[in-house]
Amino acid sequence: MVRRNLVAVAAPADAWYEPRVFTPDAVLVERGAEEAPMTRRCRARLPGVPFTVVADRRAARGRVGDDFAAAKRQLVLAVHRGSFLGYCPAGTRGLRCCNYLMMSFATNCPMDCGYCFLQEYLAENPPLTAYVNPEAALAELAAVLDRHTGRRFRIGTGELADSLALDPLTDLSADLVPFFAARPNALLELKTKTDAVDGLLALDPKDRVVVSWSLAPAAVVAIAEAGTATVAARLAAARRVVAAGYKVGIHFDPMIEHAGWEEGYRDLVAAVAAALPPARVAWVSMGALRFSSGLRAVVRRRFPGSRLLAGEQVPGPDGKWRDFRPLRVDMYRRIRSFVEAALPDVPLYICMETPEVWERVFDVPPPGEQALGARLAAR
Ligand code: SF4
């Protein structure tokens, strides 16, 4: 089997993204968004950055063309006109899912992970965009929550964007956290690879907000997660939000096989356990490195020679390519043993895998989707 050799890879020299202080090269404001409070906040927080009002956000595409990296350095502020709410795409037929809803307050991300599915998903519309009308999203969500008071919802904002990367500019968390704090049947998950948590610290989440970090061994971060905060910085930020009353989620996703992976994940779990009290960890998830065929092609073009593509992979029921099943099961089981030893009683689940894989990892059949979602929401 071909192994990914990530050892002795230096951290990327080009640190154009400073966690907590992302500064775009330019801001384009779509007409209609000029007077929104979020636009005013961005202006105040980016005094040296040119703001240009454009008739249509498609002008942003014209400026960056097909340069995906350039699209990440120019921020578009626009009014979102469709629905903000959707089901997580993990609910593909044949894969076990956890009944998760997503809200999209932004698209794209200032960081640049080599495995990020947005490289393909947003290829036709890549400009980094923040929506300035979160009140419309919260009104839409409130109507759903009020209609289903007997159901518990888990809702994430980290599907089409990092949940916190733009927060120092937009202050979106000041709208979201009080909304969820007042909602007994909903739990918000903010998923990030930054340490941009300052905006959360003075808010009271009332146990309704989980701040989650995706974590990987340092060798993986160095070759595949350009512009993200270091693992140490992410864990320091996690400690700060725990002290402020939040729960924390941990995602070992994507889990990346490489020479030394076992020690890497063992040490990572130990670092999490040393940083966080288990009672404040809402859940831990695991997920395999996965690529659609289209994403593999994009990664080959954007990151020639990427070591992420060096491992042998096979297509799964959803058409995505993953490492061979025995290898995935071995990794899941090893990480499960580390997590269960270091973080007892913390719910652990797998994302985007078949029931067969789940059973091989946990030695019992997977819970039903409603049951898994309810168990996680209850945390
Ligand atoms: S932090 Fe998340 S959204 Fe941003 S590039 Fe990495 S995987 Fe994509």
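What you see is a predicted model, and the numbers here were worked out from it, not measured in a lab.

Draft legend 1. Inspection of the sheet that holds strand E6 (residues 106-107) at higher detail. If you walk across this open sheet you meet the 5 strands as E2-E1-E3-E8-E6, and the pairing is mixed. With partners counted over all chains shown, the strands left at the sheet margins are strand E2 (51-54) and E6, one partner each. The sheet contact formed by strand E1 (residues 26-30) and strand E3 (residues 74-78) spans 4 bridges and is parallel. Following the sheet pairing, Ala-26 is matched in E3 by Gln-74. Sheet strands touched by helix H1 (residues 37-45): E1, E2, E3 and strand E8 (128-131). Its angle to E2, the strand with the most contacts, is close to 150°.

Draft legend 2. Highlighting the pairing of strand E14 (residues 281-288). With 8 of its 8 residues buried, E14 lies for the most part within the structure. As judged from the 6 bridges shared by strand E13 (residues 247-255) and E14, these two strands associate in the parallel manner. Looking at E14, one finds that Val-248 is bridged to Val-281. On the question of chirality, the crossover connecting E13 to the parallel E14 by way of helix H10 (residues 261-275) is right-handed. Relative to strand E17 (residues 348-350), E14 runs parallel, the two being bridged by 3 bridges. Residue pairing for E17: Val-284 is matched across the bridge by Leu-348.

Draft legend 3. Structural detail: the packing of helix H9 (residues 231-243) against H10. Two elements in contact, H9 and H10, have axes separated by 10 Å at closest approach and are oriented at 30°. By the criterion of interaxial angle, the relationship of H9 to H10 is roughly parallel. Read as a crossing pair, H9 and H10 show a hand that is right-handed. Between H9, through Val-231, Leu-235 and Arg-239, and H10, the contact on the second element is made entirely by Leu-268, Ala-271, Val-272, Ala-274 and Ala-275. For the contact of H9 with H10, the class distribution of residues is 7 nonpolar, no polar and 1 charged.

Draft legend 4. Structural detail: the site of the ligand. Around the ligand lies a shell formed by Lys-72, Cys-109, Met-111, Asp-112, Cys-113, Cys-116, Leu-118 and Lys-193. Looking at the shell around the ligand residue by residue, the class counts come to 5 nonpolar, no polar and 3 charged.

Draft legend 5. Here's a closer look at helix H13 (residues 355-362). Within the sequence span of H13, burial applies to Val-357, Trp-358, Val-361 and Phe-362. Viewed along the axis of H13, the buried residues span an arc of 115°, placing them on a single side of the element. Backbone geometry just downstream of H13 places Asp-363 in the positive-phi region, at approximately 65°.

Draft legend 6. Molecular detail of unusual backbone geometry. Cis geometry is found at the peptide bond from Asp-253 to Pro-254, where omega equals 5°. Mapped onto the fold, Pro-254 is located in strand E13. Despite not being glycine, Asn-108 shows a phi value in the positive range, around 70°. Assignment of secondary structure puts Asn-108 in the loop between E6 and strand E7 (112-113). Judged by its relative accessible area of 1%, Asn-108 falls in the buried class. For Lys-206, which is not a glycine, the phi torsion comes out positive at approximately 50°.

Draft legend 7. Expanded view of the pairing of strand E9 (residues 153-156). Here E9 shows no split at all, with Phe-153 and Ile-155 on one side and Arg-154 and Gly-156 on the other all buried. Relative to E9, strand E5 (residues 101-103) is paired through 2 bridges, and the arrangement is parallel. By the bridge assignment for E9, Met-102 is matched with Gly-156. Relative to strand E10 (residues 186-192), E9 runs parallel, the two sharing 4 bridges. The residue bridging Gly-156 from the neighbouring strand is Glu-189, located in E10.

Draft legend 8. Region of interest: the packing of helix H5 (residues 134-147) against helix H7 (residues 173-181). Closest axis-to-axis distance for the H5/H7 pair is 11 Å, and the angle between their directions is 15°. Accordingly, the angle class assigned to the pair H5 and H7 is roughly parallel. Note on packing geometry: the crossing formed by H5 with H7 is right-handed. In this structure, H5 uses Pro-134, Leu-138, Leu-141, Ala-142 and Leu-145 to contact H7, whose residues at the interface are Asp-175, Leu-176, Phe-179 and Phe-180. Residue classes in the contact of H5 with H7 are distributed as 8 nonpolar, no polar and 1 charged.

Reading guide: rules and limits
- Residues numbered from 1 in each chain as written.
- Predicted model: local features only at pLDDT ≥ 70, side-chain atom pairs only at ≥ 80, totals over all residues.
- Heavy atoms only, no water.
- Pairing = 2+ DSSP bridges.
- Helix = DSSP H or I, 4+ residues; strand = E, 2+ residues; numbered from the N terminus.
- Contact = heavy atoms within 4.5 Å.
- Axes fitted to C-alpha atoms, helices over the stretch in contact; angles between N-to-C directions.
- Buried < 20%, exposed > 50% of the residue type's maximum accessible area, 1.4 Å probe, protein only.
- Right-handed = clockwise from strand over helix to strand, strands pointing away.
- Parallel < 35°, antiparallel > 145°, perpendicular 65-115°, else oblique.
- Left-handed = near helix turned anticlockwise from the far one by under 90°.
- Nonpolar A, V, L, I, M, F, W, Y, C, P; charged D, E, K, R; others polar.
- Near = heavy atom within 4 Å.
- Arc of directions from axis to C-beta.

By themselves, these observations are geometric and do not establish any function.
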